[in-house]
Amino acid sequence: MVKFAIIGLGYISQRHLDAIHNNGGKLIMACDIDKEKKQKVADDVLFFTDYKDMIKNPLFDKVDWVSICTPNYLHFQMINDCFKNGKNILSEKPLVIDSQDLKDLEYIQNLAKDRKIYTVLQLRHNPEVEIFKDKFREGKYEGRMDIHLHRGEFYFEGWKGNENRSGGLLFNIGIHYFDLLLYLFGKPTNWGIGNKEKNYADGRLVFNNVSIDWSLSIKAPMDNQIRKLKVGNEVLDLTRNFENLHNKVYEKVLNLEGFEIDEVGQVTKLLEEMKNA
């Protein structure tokens, strides 16, 4: 049985906990700075409020994988520490928000080929994505992507509202959707930014045979959120078939078929350039 530790027991962690269970894994250690979060895991899971204490505990030797579900700015150091202590890593997106950190992770990954550093990019596992992808292998197309979500003012009160900690709107909300565009259409040949505000951004991405105008917002009404990609006359509605995608992520990860640093690096570098433009 594959044994897991998890760092961070916030909202997204429940999808990880369910996916670990559904794929036959066993959670044996958990960590969160809020000791009240212990109630989210079983009584036999050893709980810590400091991940460095968890790493030092003898039980950590039995862990195969560490799932990291913490704020974005903490990912790099936690990945680095756990990987250097002999563990495989599955980190929530974004893996890192700085290309230098990405290079450092590439370096340590290359020193230890027996272990993996994977990232959660669950939209790639949406069953409609591959069908959509096959429709645009030839020809020239125009399209647009609109991601309009609702996030209340509380969103800006914590780390997500701090661009240095979250990477801002492009990284924290946009990374899955921009990664999906790169997955579908390859490396962009050109890009441009129009508006760039804390809760709204738009621009254009040009690929070899597809050009996409995009908009990204977190100020949509709760009852009118949109996650839609349209290319030519084809529409990919990303509000459909997104449930339980973490289960597929874990299935692939446990078969050592996860998304590695080089794939994640493409979208990381793109978003860093766009954020700094």
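## A look at the packing of aromatic side chains
Here a ring pair, both rings aromatic, is described through the centre-centre distance and the interplanar angle of the planes.
Here is step 1 of the chain: The final tally for this structure, using the stated rule, is eight aromatic pairs.
Here is step 2 of the chain: Pairing Tyr155 with Phe156 gives two aromatic rings, centres 5.2 Å apart and planes at 80°, and the pair type is edge-to-face. Neither Tyr155 nor Phe156 differs from the other in exposure class; each is buried.
Here is step 3 of the chain: The interplanar angle of 90° and the centroid separation of 4.9 Å between the aromatic rings of Phe178 and Trp214 together place this pair among those described as edge-to-face. Of this pair, Phe178 sits in helix H8 (residues 175-185) while Trp214 is found in strand E10 (residues 210-217), placing the two residues 36 residues apart along the sequence.
Here is step 4 of the chain: One aromatic cluster is present, built from ring pairs that chain together Phe132, Phe136, Tyr141, Phe185 and Phe207.
Here is step 5 of the chain: Sitting above the plane of the Phe83 ring, Arg115 keeps its charged end 4.5 Å from the centroid.
Here is step 6 of the chain: Over the ring of Phe259 we find Arg124, and its NZ or CZ is 4.5 Å from the ring centre.

## Focus: the layout of surface pockets
Here is step 1 of the chain: Of the voids in this model, the largest pocket is the one considered here, and its volume is about 1200 Å³.
Here is step 2 of the chain: Lining the largest pocket are 41 residues; nearest its centre among them are Tyr11, Ile12, Glu92, Lys93 and Lys160.
Here is step 3 of the chain: Where the lining of the largest pocket is concerned, the elements lending two or more residues are helix H3 (75-84) and H8.

## Points about helix H10 (residues 261-276)
Here is step 1 of the chain: Spanning 16 residues, H10 covers 22 Å between terminal C-alpha atoms, matching the ideal 22 Å at 1.5 Å per step.
Here is step 2 of the chain: Burial in H10 covers these residues: Ile261, Val264, Gly265, Val267, Thr268, Leu270, Leu271, Glu272, Met274 and Lys275.

## Some points on the pattern of salt bridges
Here is step 1 of the chain: One pass over the full model with this rule turns up twelve salt bridges.
Here is step 2 of the chain: For Arg204, the salt bridge identified is with Asp213, shortest N-O distance 3.0 Å.
Here is step 3 of the chain: You can call Asp213 partly exposed: its relative accessible area is 26%.
Here is step 4 of the chain: Salt bridges sharing common partners tie together Arg124, Asp179 and Glu263.

The rules behind the values
Residues numbered from 1 in each chain as written. Predicted model: local features only at pLDDT ≥ 70, side-chain atom pairs only at ≥ 80, totals over all residues. Heavy atoms only, no water. Phe/Tyr/Trp six-rings, centres within 6.5 Å; stacked < 30°, edge-to-face > 60°. Buried < 20%, exposed > 50% of the residue type's maximum accessible area, 1.4 Å probe, protein only. Helix = DSSP H or I, 4+ residues; strand = E, 2+ residues; numbered from the N terminus. Lys NZ or Arg CZ within 6 Å of the ring centre and 35° of its normal. 1 Å grid on protein atoms, 1.4 Å probe; cavity = no way out; pocket = protein on both sides within 12 Å on 5 of 7 lines; lining within 4 Å. Points joined across faces, edges and corners; volume = space filled by probe spheres on them. Expected span 1.5 Å × (residues − 1). Salt bridge = Lys/Arg side-chain N within 4 Å of Asp/Glu carboxyl O.

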